[in-house]
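# Inside the fold
Take a look at the letters that make up each chain.
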Amino acid sequence: MPRPTLRPEAADARAQGLHTIGEAAEATAVSAKMIRHYESIGLMPTAGRTFAGYRLYAESDLHRLRFIKRARTLGFSIKEIEQLLSLWDDRQRASSEVKQLALQHARALEQKIRDMESMRATLTDLARRCHGDNHPECPILEDLAGTSRKATN
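Computed from a predicted structure; not experimentally measured.

### Description of the overall build of the protein
In terms of helices and strands, the protein carries 7 helices and 2 strands. Tracing the protein from N to C terminus, the helices and strands come up as α-α-α-β-β-α-α-α-α. For 153 residues, the compact-globule estimate of 2.2 N^0.38 gives 15 Å, and the C-alpha radius of gyration of the protein, at 24 Å, exceeds that figure by more than 25%. Across its three principal axes, the protein shows a C-alpha extent of roughly 75 × 40 × 20 Å. Within the protein, buried positions represent 27% of all 153 residues. Taking contacts inside the protein between residues at least 6 apart in sequence as the whole, the part at least 24 apart equals 53%.

This is the structure:
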């Protein structure tokens, strides 16, 4: 996604409504480091530059960063975000593709929730069995070490 190699002065860039990376970061709540990362992996187009070499971002870039941030907030992977951005950029897309991707992600989240609930239950049980006193015996550490013996209540 390279851009034309216009290299305006910073003042001219601002007059054109372009933003520096710091301004883009502030406007989108995406750190400058992450913006550079998204550019390096192709989620963001290569930024235009000022004559002095500073990155420049248009409003459309800020909109794309907000899209990426929202998708990350919903737990989509980078690969899934690539797919979503591709669909977003394709005005001829079928919404069924987007829905399928969202539902697939929702199912994956449901599995993660079940896994985390199981982990919580295990940890709660281990903590319940731990006396939490000054003695060295600890079912939590025994379980982590693979030497746990189940309680026989």
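After that view, the rundown keeps rolling.
### Re unusual backbone geometry
A positive phi is found at Ala29, a non-glycine position, where the angle reads about 60°. Following the sequence through the fold, Ala29 ends up in the loop between helix H2 (21–28) and helix H3 (32–40).

### What about the packing of aromatic side chains?
Tallied over the entire structure, the rule returns 1 aromatic pair. Note on Phe67 and Trp88: the rings are 4.5 Å apart at their centroids and 20° apart in plane angle, and the pair reads as stacked. Note that Phe67 is positioned in helix H4 (residues 59–73) and Trp88 in helix H5 (residues 78–89), a separation of 21 residues in sequence.

### Focus on the environment of Ile140
Take Ile140: it is sitting in helix H7 (residues 139–145). Assessed through its relative accessible area of 27%, Ile140 is described here as partly exposed. Separated by 85 residues in the primary sequence, Ile140 and Arg55 place their C-alpha atoms 51 Å from one another. If we skip the residues at most four places from it in the chain, Ile140 touches Leu126, Ala127 and Cys130.

### A word on H3
Those residues of H3 lying buried are Ile35, Tyr38 and Glu39. Axial view of H3: buried residues confined to an arc of 100°, hence all on one face. Turned more than 90 degrees away from the buried face of H3 sit Lys33 and Ser40, all of them exposed. Structurally, H3 contributes buried residues whose contacts are with H2, strand E2 (55–56), H4 and H5. Gly42 sits one or two positions beyond H3 and adopts a positive phi of about 90°.

### Some remarks on the pattern of salt bridges
According to the stated counting rule, one finds 4 salt bridges in the structure shown. Residues Arg64 and Asp89 are paired through a salt bridge, measuring 3.2 Å at the closest nitrogen-oxygen approach. Here Arg64 is found in helix H4, whereas its partner Asp89 is found in helix H5, with 25 residues between them in sequence. One salt bridge in this structure joins Arg129 and Asp125, with 3.2 Å as the shortest N-O distance. Of the two residues, Arg129 and Asp125 are both situated in helix H6 (residues 95–129); the distance of 4 residues between them amounts to about one turn of the helix.

### Details of the packing of H2 against H4
Packed helices, taken two at a time, are described by the angle between their axes plus the distance between the axes. Remark: H2 packs on H4, axes separated minimally by 10 Å, with the N-to-C direction vectors making an angle of 45°. Comparing the axis directions of H2 and H4 gives the class oblique. By crossing handedness, the relation of H2 to H4 is classed as right-handed. Where H2 approaches H4, its residues Ala24, Ala27 and Thr28 are matched on the opposing element by Leu62, Leu65, Arg66 and Lys69. Considering only residue class, the contact of H2 with H4 consists of 4 nonpolar, 1 polar and 2 charged.

Cut-offs applied
- Residues numbered from 1 in each chain as written.
- Predicted model: local features only at pLDDT ≥ 70, side-chain atom pairs only at ≥ 80, totals over all residues.
- Heavy atoms only, no water.
- Helix = DSSP H or I, 4+ residues; strand = E, 2+ residues; numbered from the N terminus.
- Rg over C-alpha atoms; globule rule 2.2 N^0.38 Å.
- Buried < 20%, exposed > 50% of the residue type's maximum accessible area, 1.4 Å probe, protein only.
- Contact = heavy atoms within 4.5 Å.
- Phe/Tyr/Trp six-rings, centres within 6.5 Å; stacked < 30°, edge-to-face > 60°.
- Arc of directions from axis to C-beta.
- Salt bridge = Lys/Arg side-chain N within 4 Å of Asp/Glu carboxyl O.
- Axes fitted to C-alpha atoms, helices over the stretch in contact; angles between N-to-C directions.
- Parallel < 35°, antiparallel > 145°, perpendicular 65-115°, else oblique.
- Left-handed = near helix turned anticlockwise from the far one by under 90°.
- Nonpolar A, V, L, I, M, F, W, Y, C, P; charged D, E, K, R; others polar.

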